[in-house]
Every structure is written in structure tokens, then in C-alpha cells.
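Below are the chains, spelled out letter by letter.
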Amino acid sequence: MIMSDWVDFSEIKSRVTIEQVLRSYRVDWLRRSGAQQYRGRCPIHAGQGKEAFHANFRQNLFHCFACGAGGNVLDLVAAMEACTVREAALRLRASQVSGPASQSGQRQLVTKKRTVNSPLGFSLTLDRRHSYLIRRGIDAATADWFEVGYYCGGGLMSGRIAIPIHDEHARLVAYCGRAIDGAAAPRYRFPSGFQKSHVLFNYHRALATSSNSLIVVEGFFDCMRVHQAGFPCVVALMGARLSRAQRALVTDRFSNIVLLLDGDPTGRRATAQIASDLAPALAVTELLLPAGMQPDQMQADQTRQILAGPERRLAIGNH
Ligand SMILES: [Zn+2]
């Protein structure tokens, strides 16, 4: 991939101080320890350890002895925002107040070609036993398998259920933050720059099964519940349409597709559209759920009945 929207990492690292970044996140509880160092509770994982987070203002570096996060200002912003280092650099550049005039009109004319979903350089420490997961019917084994959990640190995923998303090479490329409060918007928060049309949630785990039949659902929780019911070869579209890149992923490896989208008008329309799109390439089974029903709300035996009932060929637990 060509990156014509060039960012000068070292220029940003030398100009922005770790103190400025911490201040921008309203981290004001650190206390001085020695001439150049501050210590305190870690703003990234925000967990135990009142002394875990160390920031060295002379070296412009930080390290957390509890969650293991560490690095320069770009790493700090990436960890706080749950984004890539490159996105962190773009953020710092965009938010600069006193720097040289880099936001000239000229820059806006540059076509933004960028690497699609580059791997994250860190992972978040999450509470996989949070009550929200239990409320959504996600058991402990499933939460561990998908590595989902509540994030109590700062930044983009703060106060949300963070769902790790991997690319087809099993590299962690983003977290999606699900609000746990019905009123919070957006319900699903993706990092800016993340392109969900280029990945299928859980695809790398579906690839690792020996199944030729892939179940396709709309959402993360549909996917986790279908897995939990005994069908590990399942992916989520993260929406109700199949993009060209997603189509390529599907047809690349699987010969049978089972569409299990929501039982609402959007799900019905999407089922018909995706089926006609895929039919020339592989065998498609359209499972139409009754109105108002969706896979994340079905009991496991309901899911098994629909997917593995007498008229279906799908084996349960086909690892
Ligand atoms: Zn930490």
C-alpha cells in the first residue's frame, strides 16, 4: 500500500512532550519521583498499582509495570486511543496548537491512500467477567475465547466492552467498543481509520477449523452466541452487507455459506442480496429467522435446531 499522507514520526516525537499528552488526557494524579520521573496509577489500564505507571520527562518515555505498556508519546496516544501508532501520529499532528503551519490547504488536496488496518502494537487489559457479558448470555469460556471484556482505562474504549478484531492473518487490528449503557452513543465505537469492510470478525478462527461451511451473521454478539452454541466456523459482517473484500475472504476458503442474519427487513434484504452475490461462486443456504428474532437472542438449543436440525447438514462442534 502506498502512503502518500506522509507523517514525520520523529518530528512529532521531538516536538510533543509526554507531559503534554498526559495533560491532554487530564492525567493529573502523577507525582514526582526523582528529578525527571513521575509515577502514579496507569491511565491506560487504570487498574491496580498506584505506582505502576512511570513517565520519564527527559527521555520522553513511559512504562507501566502492571500492564506492560510502554514507549514514546506515539505509543502512549495509540494505547489511550486504541489505535495504531500511525493514527496516533495523525491525531497528534491534527491536534497541534503551536507548531508550524502544516494544515495548509495544500495538504487537504493530497489523496489519502493508506495502509488498510495495520496491526496494533499493544493489547488492552480487559475484565472478561463483567456483568454486561453475562447479561448478553456470553459465558466465561466464550469471553476468554474471544478475549472480550470491559475496559476501565482511559481513551476511546473507556467504559465499554472492548471486542478485539483480527485480520485474516490473525493479527489484532482494532478494538470495537460496545457501550454498556443503552443510552450511550454510538452503540459500537470503532477507531477512526479502521475499515471494517476489509475484515470479517472471527475469520481467522473460522479458518483454523476444518469446516468447509461458514456461518455468516451480522454482529459480534450473534457471532459469539453461535460459537457458544457449538458452531465455531462463524463470522460476523459487522453490519448487514458483504463488501467486495469480505466476499473475497469468504470465497477464498469456503465452499458452503450459511446466512443467518437478523429476522428484520434489513436482515431479509441483506440475505437476498448476499445470496445472489455469492451463489455463482459457492453453495448458499439462506436461513430466515422469524420476525424480531436474531442469533444473539436465541437459546443454544434453538440455534442448534436451526443450524443442525434434521434438514441441515451442519455438524455441531466441527473444529
Ligand atoms: Zn498500565
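Since the structure is predicted, the reported quantities are computational estimates derived from the model, not experimental observations.

Caption draft 1: Structural detail: the overall build of the chain. Secondary structure assignment for the chain yields 12 helices and 13 strands. Among the 319 residues that make up the chain, the fraction classed as buried is 48%. Per element, the accessible surface of the chain, about 15,500 Å² overall, is 50% carbon and sulfur.

Caption draft 2: The coordination of the zinc ion, seen in detail. Distances from the zinc ion to its protein donors, Cys42 (SG), His45 (ND1), Cys64 (SG) and Cys67 (SG), fall within 2.0 to 2.3 Å. Taken together, the four donor atoms surrounding the zinc ion define angles of 96 to 125° at the centre, an arrangement classified as tetrahedral. On the primary sequence, the residues serving as donors to the zinc ion are separated as C-x2-H-x18-C-x2-C.

Caption draft 3: Region of the structure containing the environment of Thr125. With respect to the secondary-structure elements, Thr125 resides in the loop between α5 (105-109) and α6 (131-135). Taking relative accessible area as the criterion, Thr125 reaches 46% and is therefore assigned partly exposed. As a C-alpha pair, Thr125 and Ala162 span 37 residues in sequence and 9.6 Å in three-dimensional space. Thr125 has contacts with His45, Cys67, Tyr150 and Tyr151, leaving out every residue within four places of it along the chain.

Caption draft 4: Layout of empty space enclosed by the protein. Taken as a whole and judged by the stated rule, the model has two cavities of 30 Å³ or more. By volume, the largest cavity amounts to about 40 Å³. Along the walls of the largest cavity sit Ala82, Cys83, Thr84, Glu87, Asn117, Ser118, Leu120, Val173, Ala174, Pro191 and Phe194, which together make up its complete lining. Considered class by class, the residues forming the lining of the largest cavity number seven nonpolar, three polar and one charged.

Caption draft 5: Highlighting the sheet that holds strand β3 (residues 53-56). Taken together, the five strands give an open sheet; going across it, the order is β1-β2-β3-β4-β5, and neighbouring strands pair in antiparallel fashion. Each edge of the open sheet carries a strand with a single partner, namely β1 (31-32) and β5 (70-71). In terms of strand pairing, strand β2 (residues 37-40) meets β3 through four bridges, oriented antiparallel. Opposite Gln37, over in β3, you have Asn56 as the bridge partner.

Caption draft 6: Geometry of the pairing of strand β8 (residues 172-179). Counting buried positions over the eight residues of β8 gives eight, a clear majority of the element. Here strand β7 (residues 160-166) folds back onto β8 in antiparallel fashion, the turn holding five residues, of which Ala170 has a positive phi close to 65°. Bridge count for β8 against strand β9 (residues 188-189) is two bridges, and the pairing is antiparallel. Residue Arg178 lies in a different strand from β9, and its bridge partner there is Tyr188.

Caption draft 7: Structural context of the nonpolar core. Counting 40 residues, the largest nonpolar core has Ile44, Phe53, Leu76, Leu124, Met157 and Tyr175 as the members making the most contacts within it. Of all the elements in the fold, those that place two or more residues in this core are α2 (18-24), β3, β4 (61-64), α3 (73-81), α4 (85-94) and β8. Those residues within four positions of Ile44 in sequence are excluded, and the remaining contacts are Phe53, Phe62, Ala69, Leu76, Ala79, Met80, Tyr151, Gly153 and Gly154. Among the nonpolar cores identified, the runner-up in size contains 33 residues, and Ala174, Cys176, Phe201 and Val217 belong to it.

Caption draft 8: Layout of helix α10 (residues 244-253). For α10, the complete set of buried residues consists of Gln246, Leu249 and Val250. Looking straight down α10, one finds its buried side chains confined to an arc of 95°; they lie on one side. Opposite the buried face of α10, at more than 90 degrees from it, the exposed residues are Arg244 and Asp252.

Caption draft 9: Expanded view of the sheet that holds β8. One open sheet accounts for four strands, arranged β6-β7-β8-β9; its pairing is antiparallel. Only two strands of the sheet have a single partner each, and these edge strands are β6 (149-151) and β9. Where helix α9 (residues 220-228) meets the sheet, its contacts fall on β7, β8 and β9, and the angle it forms with β7 comes to roughly 75°.

Caption draft 10: Here's a closer look at the packing of aromatic side chains. The tally for this structure, following the rule as stated, stands at nine aromatic pairs. Taking the centre distance of 5.7 Å and the plane angle of 40° together, the rings of Tyr188 and Phe220 count as tilted. Of the two residues, Tyr188 sits in strand β9 while Phe220 sits in helix α9, which places them 32 residues apart along the sequence. Using a relative accessible area of 3% as the deciding quantity, one classes Phe220 as buried. With a centroid separation of 6.4 Å and 75° between ring planes, the pair formed by Tyr203 and Phe254 is classed as edge-to-face. Within this pair, whereas Tyr203 is found in helix α8 (residues 203-208), its partner Phe254 is found in the loop between α10 and β12 (256-259), the two being separated by 51 residues in sequence. Here Tyr203 matches Phe254 in class, with each residue buried. Pairwise contacts between aromatic rings join Phe146, Tyr188, Phe190, Phe194, Phe201 and Phe220 into one cluster.

Caption draft 11: Up close: the side chain of His166. If you trace the backbone, His166 turns up in strand β7. Setting aside its immediate chain neighbours within four residues, His166 contacts Glu147, Arg171, Leu172, Val173, Val199, Leu200, His204 and Arg205.

Caption draft 12: Examining the packing of α3 against α4 more closely. Close contact between α3 and α4 brings their axes to 8 Å; oriented N to C, the two are set at 100°. For the element pair α3 / α4, the angle class is roughly perpendicular. Side by side, α3 and α4 meet where Leu74, Asp75, Val77, Ala78 and Glu81 of the first sit next to Val85, Ala88, Ala89, Arg91 and Leu92 of the second. Among the residues making up the contact of α3 with α4, the classes are represented as seven nonpolar, no polar and three charged.

Quick notes on the rules
- Residues numbered from 1 in each chain as written.
- Predicted model: local features only at pLDDT ≥ 70, side-chain atom pairs only at ≥ 80, totals over all residues.
- Heavy atoms only, no water.
- Helix = DSSP H or I, 4+ residues; strand = E, 2+ residues; numbered from the N terminus.
- Buried < 20%, exposed > 50% of the residue type's maximum accessible area, 1.4 Å probe, protein only.
- Areas by Shrake-Rupley, 256 points an atom, 1.4 Å probe, with all protein chains shown as cover.
- Donors = N, O, S within 2.8 Å, 3.2 Å for Na, K, Ca; no water.
- Tetrahedral: all angles 85-135°; square planar, octahedral: opposite > 155°, others 65-115°.
- Contact = heavy atoms within 4.5 Å.
- 1 Å grid on protein atoms, 1.4 Å probe; cavity = no way out; pocket = protein on both sides within 12 Å on 5 of 7 lines; lining within 4 Å.
- Points joined across faces, edges and corners; volume = space filled by probe spheres on them.
- Nonpolar A, V, L, I, M, F, W, Y, C, P; charged D, E, K, R; others polar.
- Pairing = 2+ DSSP bridges.
- Core = buried A, V, L, I, M, F, W, Y, C linked by side-chain atoms within 4.5 Å.
- Arc of directions from axis to C-beta.
- Axes fitted to C-alpha atoms, helices over the stretch in contact; angles between N-to-C directions.
- Phe/Tyr/Trp six-rings, centres within 6.5 Å; stacked < 30°, edge-to-face > 60°.
- Parallel < 35°, antiparallel > 145°, perpendicular 65-115°, else oblique.

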